[in-house]
Amino acid sequence: MLSFLLPERCIHCERPTEFSRSGIVDTHKLTHYLCEICFRIIQRRDGPDESTVRDQFQITASALPIEHCMAAYSFMMESPIQSIIHAFKYSGMTRLAECCGRSIVTMLPGKTDFIIPVPLHRTRFAERGYNQAESLADGLAKDTKTAVLCAVKRTRPTPSQTNLSIPERIENVRGAFALTRLAYAAKGKQVLIVDDVMTTGSTLASVVETIMEAKPATISILTLAMAV
Ligand SMILES: [Zn+2]
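Quick caveat, the model's predicted, so the values are computed rather than measured. Numbering of residues starts from 1 in each chain and follows the order in which that chain's sequence is written. Local features in this predicted model are restricted to residues whose pLDDT is 70 or higher, and side-chain atom pairs enter the listing and the counts only when it is 80 or higher, whereas totals over whole chains, interfaces and linings include all residues. To get the side-chain values, take all heavy atoms of the structure and skip hydrogens and water.

**Some remarks on unusual backbone geometry**
- Non-glycine residue E14 carries a positive phi angle of around 70°.
- Under the DSSP-based scheme used, a helix requires at least four consecutive residues in state H or I and a strand at least two consecutive residues in state E, with every element numbered from the N terminus. Structurally, E14 can be placed in the segment before α1 (18-22).
- In the Ramachandran plot, K215 falls in the positive-phi region, its phi being about 55° despite a non-glycine side chain.
- With respect to the helices and strands, the residue K215 is situated in the loop between α9 (202-212) and β7 (218-227).
- Categorising residues by exposure relies on relative accessible area from a 1.4 Å probe, with only protein chains included: less than 20% of the type maximum marks a residue as buried, more than 50% marks it as exposed, and the intermediate range marks it as partly exposed. For K215, a relative accessible area of 55% puts it in the exposed group.

Right under this line is the structure:
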């Protein structure tokens, strides 16, 4: 699969990228995928503050104990971050997801032991070939003292949440996750759950409820973007 080499034009606006001008392939840099202007927009991270993310998460999960509740970007329609997420979800750009993880590493809480990606169901994983949340987690873990721990699995496929109301979303993902055989490692540890986009937070809430069974010391949440 060569798709990770493809961008010669910005994945958002189709202007030339640094790669197209220099001919140097470096798929670990955001400038491989974005033109200079879109890259600058992404660098000027516009994410909501922690209290805003927490308020949104608590609409569906007010009783869950969350240490840090964070999102790097606001997910706006027609923004570069929307194009980035679309590209790594549907165009096989796994390195772009990893690259995004690396670019937000400063958001990693200082005492994180394990980064836990929100899992895909195995049939979706087989279709896509990778889990974008896991690639994000890999990027975050690189060059840090944390490790990626696939402690949660999706036990049944869940239909798209896109056209569901909040109560329907909660019902849709209820009981859809279970601990894996690696989850025991999270006991007494500080864990960070990672996903690409938080909308109502119902998927994340279901993952948090599942990981609580492994008795970590603290649970934090970080998403690349939050729908606003
Ligand atoms: Zn651009």
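**Points about the sheet that holds strand β6 (residues 190-198)**
- Any two strands with at least two DSSP bridges between them are considered paired. Across the sheet, which stays open at both edges, the five strands sit in the order β1-β7-β6-β2-β3 with parallel pairing between neighbours. This sheet does not close on itself; its edge strands, each paired only once, are β1 (69-75) and β3 (147-148).
- Sheet analysis places strand β2 (residues 114-117) next to β6, joined by four bridges and oriented parallel. When the sheet's bridge partners are listed, I116 is paired in β6 with I193.
- The strands touched by helix α7 (residues 132-141) within the sheet are β2, β3, β6 and β7, with β6 carrying the most contacts at an inclination of about 130°. By the convention used here, residues are in contact when the closest approach between their heavy atoms is within 4.5 Å. Here an axis means a line fitted to C-alpha atoms, over the contact stretch when the element is a helix, while the angle between two N-to-C directions is reported on a 0 to 180 degree scale.

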